[in-house]
Structure formats: structure tokens, C-alpha cells
Amino acid sequence: MDNISYYLGVDIGTTSTKAVLYKDKGTVISMHHVEYPLYSPTPSVAEQDPDEIFRAVVETIKVAISKGEIDSKKIKLVSFSSAMHSIIAMSGENKPLTRCITWADSRATAWAETIKNDLNGLAIYRRTGTPVHPMSPLCKITWMRHDKPELFNQTSKFIGIKEYVFYKLFGKYVIDYSIASATGMFNLEQLAWDAEALEVAGISRDKLAEPVPTTYYLTGLKQPFATELGLPAETPFIVGASDGVLSNLGVNAIDPGVVAVTIGTSGAIRTVTDRPVTDPKGRIFCYALTENHWVVGGPVNNGGMTFRWVRDQLASSEVETAKRLGIDPYEVLTKIASRVAPGADGLIFHPYLAGERAPLWNAHARGSFFGLGLHHKKEHMIRAVLEGVILNLYSVLLALQEIIGVPTKIQATGGFARSELWRQMMADIFNQEVVVPESFESSCLGAVVLGMYALGEIEDFSIMSELVGSTHTHQPIESNVEIYNDLTPIYIRVSRVLENEYGPITSFQEKWIK
């Protein structure tokens with residue numbers, strides 16, 4: 001008799017939704033993903049269609065189950081991960097008045113500055129854990145209130161994308177503590193909406209969804225969706241948490257002193273504490289995983305996208321060579337960069353091509369090469385870009401260390417982890433052992449393990465050590481560490497010196513670039 005249980009993890013991401021079907025011990029049975037567009041008619045707008053995303057959620061679940069060729073009645077739970085900071089304005093008839101305004105939308109930049117400088121922004125951050133930044137729903141709603149008053153006044157609810165999905169499936173507005181803690185309006189100590197933040201946004205509690213623990217689950221799936229998905233209506237749907245905190249769980253970076261560093265298109269550095277922790281200087285976030293697990297760290301805008309910029313703008317001949325040889329262009333570029341000594345012979349790159357969140361929290365930040373001399377060639381620039389991404393993350397870690405101490409281990413994940421050069425660069429710049437965990441779709445796995453915890457199938461998260469192995473380990477090379485120890489302070493000082501000029505150069509670009 002087949003006594004195997006199955007678990008489904010769903011990750012609602014910025015570019016796609018994934019569903020992964022697991023069986024006992026975290027073995028992947030099947031998966032499916034559906035991509036959707038980002039609508040960006042101007043540089044400051046970054047929106048998505050909530051119904052396109054909802055249909056993607058339904059399709060990924062349906063196809064992952066179908067591919068798995070299992071009895072869907074044996075699926076114990078469906079548990080969710082989701083991107084943070086999204087906002088959808090809903091009408092009194094529960095219809096979207098806006099698209100889903102994503103974290104990347106920067107129209108609230110001016111109001112973020114006003115909140116930060118004039119409306120007690122630091123105190124609000126210290127209670128809510130979300131740095132005051134255009135990504136924050138607090139800033140987005142404040143912007144809408146003042147700059148889009150007609151739309152604001154029509155809005156019955158302000159919700160995020162996961163709340164929209166759950167409303168469509170169950171007819172109830174709920175927001176987990178993790179996503180709520182990324183709004184800038186959720187009091188981390190009280191586990192309730194923060195009165196002062198709501199006053200700044202100009203809304204009352206009834207304009208937001210009901211906050212619930214990340215272990216909260218709903219049953220009673222609407223029958224049309226139960227039929228379409230082939231799931232019993234009473235299958236528990238665990239509300240889950242945000243993609244960032246679940247990624248930490250999914251790579252087993254939940255013990256004290258273990259730091260997860262992720263570089264995909266963007267990047268993040270995160271560790272887990274047993275209580276809410278914020279930064280007197282406002283440089284790091286604090287988001288909920290459970291009432292006893294809080295993820296602190298910093299997100300960066302500029303990760304792999306900077307390497308893609310190098311590929312597209314500086315390396316056309318190398319790309320052509322790679323095509324002729326039938327190999328990945330990035331492999332060619334990293335090989336070229338590896339021929340240059342650590343420190344790129346004194347060339348520094350600040351990777352702020354898309355503004356920056358941590359550690360600057362400055363949407364106007366712009367990238368720069370510093371120290372460029374006649375002795376530098378293209379290969380120096382390529383290496384400097386790779387080093388700049390890691391140095392930027394290291395500057396976030398330095399802020400984090402002031403709060404949690406020096407880490408004992410770095411767990412490195414994301415697309416960058418495929419590059420041996422980049423992995424070793426991280427070990428050298430961080431002066432730490434870097435381990436690449438063997439974890440597949442970490443946010444989905446984290447969601448499933450959280451779901452098992454929610455249903456009482458496991459008592460704690462120690463099961464992660466059975467589910468996550470390692471694929472690569474790198475130790476710092478002492479001679480390289482010495483070079484980066486000299487270079488890092490210059491990197492940080494230059495970025496601070498330039499900070500006053502980021503606004504003016506952005507204004508110049510907005511005025512003269514047509």
C-alpha cells in the first residue's frame with residue numbers, strides 16, 4: 001500500500017510563479033512555472049496584472065500535480081511563499097482598481113523622503129522593521145493618498161498579491177505576519193497594525209487585511225477551483241510567509257550565526273534571530289518567519305543584473321565568441337575576469353545601476369567606476385563589476401554585524417553560485433567560509449516545511465539538516481583577504497562621498513535623456 005504523503009509549495013515571484021511537488025524527505029516529484037510580464041511604461045512604473053498572476057498560480061498548481069502523476073487526495077497541504085511589498089487598490093466590490101504595484105515601482109520616492117525626514121520615519125521603522133523606501137507599501141499608499149486622491153478615495157482595501165490570491169480562492173482577506181512585516185505598517189512587538197504608520201498613510205485598520213500567523217491555514221477551497229485543481233476542498237492552504245524568509249529556511253540558514261547570501265537578478269543577505277531586531281541607523285530590515293524566528297538583513301537591487309549589463313554593453317565580441325563555441329557567455333566573461341588579480345589593479349565599481357536599497361536606501365544612487373587608469377583594460381572592468389557586487393553585499397553585512405555579531409558560516413545561493421570565481425571572491429571579501437547548499441527551489445521547500453510545522457507534523461525546523469546538503473565549499477585565501485581588507489574601506493568611503501551627488505545626476509538624467 002502506498003503510504004507516501006505529498007506536499008505542494010508555491011512561490012509567487014516577481015517574474016514567475018513556481019509550484020513544486022515534494023514527497024516525504026523533500027524529494028522533488030514535479031514542478032511547473034509560469035512567467036508573466038512586468039508593465040513598465042516609464043522608468044518609475046513597475047506593475048503587474050493581478051489576474052495574470054492568479055491564473056499563473058492556478059496553472060502551476062494544476063500542472064505540477066498533473067506532471068507528478070499522483071493521487072491528489074494524498075497532498076497533505078499547499079503552502080505559499082510570495083514576493084514582498086506589493087500593493088493592489090481594491091474597490092468596495094472587491095475588484096482591482098489598480099494593477100499590482102511591485103517593490104520595484106519608484107513613484108513613491110518623494111513621499112519616502114518626506115516620511116523619512118519629516119514624519120518620524122526612523123521611529124516608525126524601528127517599530128515596523130521595514131526601512132522607509134519607495135518599495136514600502138507605507139510609502140506607496142501615502143503617495144496614492146496625496147498624488148492620486150480620487151483613486152485613494154475609491155479604495156476599500158489595500159492588499160498585496162498573496163492576499164489577492166487567497167481572496168480569490170477562499171473569499172477572505174488575510175495577510176501573514178511575514179508579508180505584513182514588510183509593509184512598513186506592522187508593529188513587530190504588538191503583531192498588529194501600527195497606529196502612527198496608519199496615520200501617516202491616512203488609512204484605518206479596516207482598509208487592510210487581517211494579520212494572521214504564518215502557520216495559519218484555510219480550508220474550504222471554492223468548489224470551481226477545487227474541481228479545476230483536482231484537490232479536495234478541505235485541503236489545507238497554509239498562508240505561509242515571504243520569499244526571503246522562506247529562502248533562509250529552505251537553505252537551512254536558521255541557526256544563530258548562519259548568514260544566507262543570495263544573488264540572482266538582485267540580491268539579499270539575511271540571518272535569523274529569536275526576536276525582532278532593528279538598526280538605530282535604519283539600514284537593515286526585520287521580517288517575521290514565526291513568532292520565534294525573525295529574519296534580519298538587507299536587500300540590494302544590483303546583483304546579477306550588473307553582470308548582464310556587462311555582457312550586453314561591454315562584451316559583444318566575447319558574446320559572439322561564446323556563441324561560436326557553444327558555451328555560456330558568462331563563462332567566457334568569468335574566465336577573462338579570472339586573469340586579473342584581486343582588486344582589479346585598483347579599479348572599483350559601485351554597482352548602483354538601478355538605485356540601491358541596502359545599505360544606502362537611496363533610489364537616486366547611480367553606478368560608477370573609480371580609480372580608472374591607463375593601465376586598466378576591459379578585463380579589469382569585468383572583474384571590478386563582479387567584485388563591486390560582492391563588496392556592496394559585504395557593506396550590508398558590516399551593518400548587520402553591528403546588530404548580530406560576526407557570522408560563523410555563509411550559505412550562498414542564487415545564480416551567481418554557479419561561478420567558482422564569484423564564490424571564491426565572496427569567501428575572500430567576506431573572509432569567511434562560504435558553503436553552497438544543495439537546495440532546490442528554496443522558497444518552495446521552506447514553504448512546505450513551514451506548512452508541516454503548521455499542521456503539527458514536525459515540532460521544529462531541525463528536519464532541514466536532513467533535507468539540505470552542500471555542493472561547494474570555499475575557504476578564504478589569505479593573500480586575497482589582505483588585498484580586499486585594503487580596498488573595502490576605499491569602496492565604502494567613495495560611495496558615501498558620492499551620496500550627495502546621486503540626486504543631482506539623477507535630475508540631470510531625467511531632464512536631458514529623452
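Look above for the structure.
Residues numbered from 1 in each chain as written. Predicted model: local features only at pLDDT ≥ 70, side-chain atom pairs only at ≥ 80, totals over all residues. Heavy atoms only, no water.

Some points on the sheet that holds strand E5 (residues 75-82)
If you trace the six strands from one edge of the open sheet to the other, you get E3-E2-E1-E5-E14-E13, paired in mixed fashion. Each of the sheet's edge strands pairs with one partner strand only, and the pair in question is strand E3 (27-35) and strand E13 (217-218). Relative to E3, strand E2 (residues 16-23) is paired through eight bridges, and the arrangement is antiparallel. Looking at the pairing, Thr17 lines up with Val34 of E3. Lying on the sheet, helix H6 (residues 161-170) is in contact with strand E1 (6-12), E5, E13 and strand E14 (237-242); it crosses E14 at an angle near 175°. (Pairing = 2+ DSSP bridges. Helix = DSSP H or I, 4+ residues; strand = E, 2+ residues; numbered from the N terminus. Contact = heavy atoms within 4.5 Å. Axes fitted to C-alpha atoms, helices over the stretch in contact; angles between N-to-C directions.)

A few points about the packing of aromatic side chains
The tally for this structure, following the rule as stated, stands at 18 aromatic pairs. Aromatic side chains Phe307 and Trp422 sit 5.5 Å apart centroid to centroid with 65° between the ring planes, which places their arrangement in the edge-to-face category. With Phe307 in helix H11 (residues 304-314) and Trp422 in helix H15 (residues 420-430), the pair connects residues that are 115 residues apart, well separated along the chain. Residue class for Phe307 comes out buried when judged on its relative accessible area of 6%. The buried category is assigned to Trp422, whose relative accessible area is 4%. (Phe/Tyr/Trp six-rings, centres within 6.5 Å; stacked < 30°, edge-to-face > 60°. Buried < 20%, exposed > 50% of the residue type's maximum accessible area, 1.4 Å probe, protein only.)

Some thoughts on the packing of helix H1 (residues 50-68) against H6
At a closest axis distance of 10 Å, the pairing of H1 and H6 adopts a crossing angle of 65°. In the packing of H1 onto H6, the handedness of the crossing is right-handed. Facing H1, whose interface residues are Pro50, Asp51, Ile53, Phe54 and Val57, H6 presents Ile161, Tyr164, Val165, Lys168 and Leu169. When its residues are assigned to classes, the contact of H1 with H6 shows eight nonpolar, no polar and two charged. (Left-handed = near helix turned anticlockwise from the far one by under 90°. Nonpolar A, V, L, I, M, F, W, Y, C, P; charged D, E, K, R; others polar.)

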